[in-house]
Each structure stands twice: as structure tokens, then as C-alpha cells.
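# Summary of the model geometry
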Amino acid sequence: MEPAVKPFLVIAHRGASGAAPENTQASLRLAMDLHADMIEVDVRLSRDGVPILSHDATLARCTGHKIPVDSLTLEELRRYDFGGWFSSEFIGEPIPTLEEALHLVRARVPLNIEIKTDGAVSGETEERVVELVARMGVENQVLVSSFDERALQSVRRALPRVKLGVLYDGRGDWQAFLRRAELLKAAAFHPEERSVTSEMVRTFHRSRIRVFPYVVDAPERAAEFRQWQVDGVFTNYPGRFHNTSA
Ligand code: G3P
Ligand code: MG
């Protein structure tokens, strides 16, 4: 019998954000068209507590308006164009809610929900995400990640079976992050790609935790990671990684 081929996941970072505006329905649709194995989105709250997709804390980069995301209600956020900054082809692309994103990808591709808390202690963002995931019954179709350990702890308490990913920006001792990931019963470790070593990968695998570096856009780099038995990569260009040796 052939040995089982270990899957190498191509994870679309903020959707297919190299070719469509990040964290929009257009970038999610394109990621699915390009056969991404998973799609990552960044999640924050609007002023009225609705989980929406935005990497940045302000609208500056993606709309040109220096306004904090959490100072606007969903209705107000909807008035802004989140596509035109990327290219004229996407003018008028609205900011999506997490609920819309889940409906769009549901049953087609798993969604990696990265919770952005900016260190806030209120716990509201993770609470709202948990409520939505539970209400929609999509606990098995998501991977919840965060740089914020406390947010992950509260997600773990509320959703004992959900898959969790621990993010690591390369600062601090990764062994300490291994211990955190073990305590959280995390499924995955998401290190910044320059911090990854083959020893790191082996060590996480011994604890049965998968390793997904971010962000890898060069197929040659992905090929190197595959040699180290890395489990997949976050990329802005999911179309580059299928049907190649990388
Ligand atoms: O989840 C991987 C990656 O998205 C983390 O960094 O800043 O792009 O959200 P960032
Ligand atoms: Mg992210």
C-alpha cells in the first residue's frame, strides 16, 4: 500500500489578497476559485459589536479615511469603499461581516478566523466570535487563531472542540509558545515564516501540533518548508502553489 501523502495546505492569507482587496468577499471568492485549502481572515468588532473583517484597526490603508474601525457602526462602515484602493476593478467592494464570510465559504472551504484584539481586556471580540460560530453551527469548519493568548483561552473554554491556532510573530522564545499551545490543546502553530527552523517543526510535531508559517509567496520557500515537513503555508497567492512541486 502507498504511504499516506501528508497534505500540505495552501491557506489564502486575507483571502487571495495578492489579486483582490484583502478581507473582502471578492478575495474570498477568488481564493475559492483558486482552490485554496483554507482561507484566513482578520476579525474585529464594529462599534455596535458586529464581527467584521479588517486587518487594520483603522480604515486608513483600505479606504483612505483615518477613522478607527471600532468607532463606526456596521451601517456606517458599509458606506465606505474597501476595494477601490486595490484597483478600479473592485470599486465599491464593501466590508464584509464575519457572518457573511462564513455563509460564503460554508461547506466549501474551512475558514481561519484570526481574532484581532489589540490587547483589549474586555474579551468582547472573542465572545462575539464564539456566539456566531455556535449560532451558525460551524465549529467544525473553522480554525480560530490569535496572537492574544487570553482570547484563545476564552474561546477554548466556550468551544471545547474547536481547532485553535497559536500565532507567533518571531519575538520571544518559541518553546514558551509550544507550552502555551499544548495547554490550549491547539491544533496548529502559526509562526512568522523567518522564525521557522526544522527543529521547531519537529518539536511541534512531537506534540501533534501542525505548523503553518505566514506569509510565504515564493514557491521555492514553500518547497524548502515541505522538505521540513511543514504542514502548509499562508500565502497571498494561493494560485501559485497547486499543481507544482512546491
Ligand atoms: O494569521 C497569519 C497572519 O495573518 C498573521 O499576521 O498581521 O497578517 O494578521 P497578520
Ligand atoms: Mg491575519
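On to the pattern of salt bridges. Inspection of every chain in the model, using the stated rule, returns 18 salt bridges. Arginine 61 serves as the salt-bridge partner of glutamate 22, at 2.7 Å between the closest nitrogen and oxygen. Of this pair, glutamate 22 sits in the loop between strand E1 (9-13) and helix H1 (25-33) while arginine 61 sits in helix H2 (residues 60-63), and the two are 39 residues apart along the sequence. Note that aspartate 56 is salt-bridged to arginine 61, the shortest N-O span being 2.8 Å. Overall, the relative accessible area of 36% leaves arginine 61 in the partly exposed class. Among the ionic contacts, a cluster of salt bridges with common partners joins Arg14, Glu22, Asp42, Asp56 and Arg61.

This part covers the packing of aromatic side chains. For the structure on display, the rule yields eight aromatic pairs. Judged by centre distance (6.0 Å) and plane angle (70°), the ring pair of phenylalanine 86 and phenylalanine 90 falls under edge-to-face. Look at phenylalanine 90 and you get buried, because its relative accessible area is 12%. Ring geometry for tyrosine 168 against phenylalanine 189: centres 5.6 Å apart, planes inclined by 25°, an arrangement best described as stacked.

Conventions adopted
- Residues numbered from 1 in each chain as written.
- Chains lettered and ligands numbered in written order.
- Predicted model: local features only at pLDDT ≥ 70, side-chain atom pairs only at ≥ 80, totals over all residues.
- Heavy atoms only, no water.
- Salt bridge = Lys/Arg side-chain N within 4 Å of Asp/Glu carboxyl O.
- Helix = DSSP H or I, 4+ residues; strand = E, 2+ residues; numbered from the N terminus.
- Buried < 20%, exposed > 50% of the residue type's maximum accessible area, 1.4 Å probe, protein only.
- Phe/Tyr/Trp six-rings, centres within 6.5 Å; stacked < 30°, edge-to-face > 60°.

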